[in-house]
Amino acid sequence: MLKKIIAYKLKKLNNVNFLPRQTISVNIDSKIYYVSLIADENFQVKVVLLSEDNKILREILTLDNDKADIVKLQNKLYVFSCDTAYIFNINNLNEKPIIKFLDACNIQKVCANNKNIFAYSIEKDKIIMYDPDLNPINFYDNKFSKGNIHSSLSLACNDFTFFSIPLMPYKEKQYINMKSIMAQYVGSQIASENDQIHSCTFNKDENTLYISMYNLIWIIKDGKEFSYLYFKNFPMTTIFYDNDIKRLIVNFAEIGEKNINGSIIKLSNDE
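Residues numbered from 1 in each chain as written. Predicted model: local features only at pLDDT ≥ 70, side-chain atom pairs only at ≥ 80, totals over all residues. Heavy atoms only, no water.

(A) Region of interest: the overall build of the protein. Each helix and strand counted, the protein has three helices and 21 strands in total. Seen along its three principal axes, the alpha-carbon backbone of the protein occupies a region of about 50 × 45 × 40 Å. Here the protein holds 271 residues, and 50% of them are scored as buried. Accessible surface for the protein amounts to roughly 14,100 Å². Of this, 49% is attributable to carbon and sulfur atoms. Between the averaged position of the 32 positive side-chain charges in the protein and that of its 31 negative side-chain charges there is a distance of 4 Å. (Helix = DSSP H or I, 4+ residues; strand = E, 2+ residues; numbered from the N terminus. Buried < 20%, exposed > 50% of the residue type's maximum accessible area, 1.4 Å probe, protein only. Areas by Shrake-Rupley, 256 points an atom, 1.4 Å probe, with all protein chains shown as cover. Lys, Arg positive; Asp, Glu negative; His and termini not counted. Charge placed at Lys NZ, Arg CZ, Asp CG, Glu CD.)

The structure is reproduced here in structure tokens:
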């Protein structure tokens, strides 16, 4: 039944003419919409407002480069692009954003809980905790970096702390061990298709961490129960568990010879 539900959702929503890279829900006038970081048919990176059925209602921001992350905190939408952050009022996305310059941080990944934003800075190789006005409060070491070798991170958080996960092992031996362990859980074929972590996210109510790769999502509940979702022939960009609507939002993107295919599905806890 689950396979049929997901297959139906993918088929129904696999007609958007953009590549969704991140998607989060927003509540505007008591109605749920979605904000998505996308690349359009010309590979221009934009932030757009979507309807429930993934139709673009309006463009919020066009970016000059392809490095960007979006996150929400309270009633604000944040768009991070390298060393610049744009802060929007979710209740009035037509207003000009507050622009904040971030002191040569080169932000790569971000996450937020109800009080703070956590961002990984490639330049500083630190996780920075910001308040809602993007004033830095604390700096945390990247425990996965060794010497001059910086390990890029994906971030997730709950109400109390953040989680950092390296995108790739920095040693060949660690990579081989990772692939071997994956093969034990999902088989050698699926393991061979997935080499790198794309994103991670956290379901606070269920105490569950989700980690996405190319077409595989690891599900880790209470730090000990392991399961997974496998999307054969559907490469993902990122996932995001939206605690406001209690849905796992999965972004799919594939570039064909003549067109681009994108999908966004929202899975309930039961699904």
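This is not the end of the story, as more comes after the structure.
(B) Highlighting the pairing of strand S11 (residues 126-130). For S11, a buried count of four out of five residues is recorded, marking the element as mostly surrounded by other parts of the structure. Direction of pairing for strand S10 (residues 117-121) relative to S11: antiparallel, over a ladder of five bridges. Looking across to S11, one finds that Ile117 is bridged to Tyr130. The turn linking S10 back onto S11 is made up of four residues, and Asp125 within it adopts a positive phi angle of 55°. Relative to strand S12 (residues 136-141), S11 runs antiparallel, the two sharing five bridges. When the sheet's bridge partners are listed, Tyr130 is paired in S12 with Pro136. (Pairing = 2+ DSSP bridges.)

(C) A look at the nonpolar core. With 20 residues, the main nonpolar core has Val35 and Ile60 as its most contacted residues. Elements that contribute at least two residues to this core include exactly strand S1 (19-28), strand S2 (31-39), strand S3 (45-50), strand S4 (56-62), strand S6 (76-81) and strand S7 (84-89). Sequence-distant contacts of Val35, defined by excluding residues within four places in its chain, comprise Gln22, Thr23, Ile24, Val26, Val47, Val48, Leu49, Ile60, Ile70 and Leu77. (Core = buried A, V, L, I, M, F, W, Y, C linked by side-chain atoms within 4.5 Å. Contact = heavy atoms within 4.5 Å.)

(D) Spotlight on the sheet that holds strand S19 (residues 236-242). Spatial ordering of the open sheet is given by S19-S20-S21, a layout of three strands whose pairing is antiparallel. The sheet terminates laterally at S19 and strand S21 (260-267), the two strands that pair on one side only. Averaged over all pairs of adjacent strands, the angle between strand axes in this sheet comes to 10°, irrespective of strand direction. Sheet topology places strand S20 (residues 247-255) next to S21; eight bridges connect them, and they run antiparallel. Residue pairing in the sheet places Ala253 in a bridge with Gly262 of S21. (Axes fitted to C-alpha atoms, helices over the stretch in contact; angles between N-to-C directions.)

(E) Summary view of helix H2 (residues 172-186). Between the first and last C-alpha of H2 there are 21 Å, a value that for 15 residues agrees with the 21 Å anticipated at 1.5 Å per step. Two residues or fewer after H2 comes Gly187, characterised by a positive phi angle close to 95°. (Expected span 1.5 Å × (residues − 1).)

(F) A look at a nonpolar patch on the surface. Among the surface-exposed residues, Ile181, Tyr185 and Phe226 lie close enough to one another that they form a single nonpolar patch of about 320 Å² accessible area. Among the residues examined, Tyr185 registers a relative accessible area of 47% and is labelled partly exposed. (Patch = residues over 30% accessible without salt bridge, like charges linked within 9 Å, V, L, I, M, F, W, Y side chains within 5 Å. Salt bridge = Lys/Arg side-chain N within 4 Å of Asp/Glu carboxyl O.)

(G) Structural context of the pattern of salt bridges. By the definition in use, this model includes 12 salt bridges. A salt bridge links Asp159 to Lys204; the nearest nitrogen and oxygen atoms lie 3.0 Å apart. Of this pair, Asp159 sits in the loop between strand S13 (153-157) and strand S14 (162-166) while Lys204 sits in the loop between strand S15 (199-203) and strand S16 (208-212), and the two are 45 residues apart along the sequence. Residue classification places Lys204 among the partly exposed positions, given a relative accessible area of 28%.

(H) Main features of the packing of aromatic side chains. On inspection of all chains with the given rule, the structure shows 10 aromatic pairs. Ring centres of Phe234 and Phe252 lie 6.0 Å apart, and the angle between their planes is 75°; on these two criteria the pair is classed as edge-to-face. One end of the pair, Phe234, is in the loop between strand S18 (225-230) and S19; the other, Phe252, is in strand S20, and 18 residues separate them in sequence. Among the aromatic side chains, those forming a connected cluster through ring pairs are Tyr185, Trp218, Phe226 and Tyr228. (Phe/Tyr/Trp six-rings, centres within 6.5 Å; stacked < 30°, edge-to-face > 60°.)

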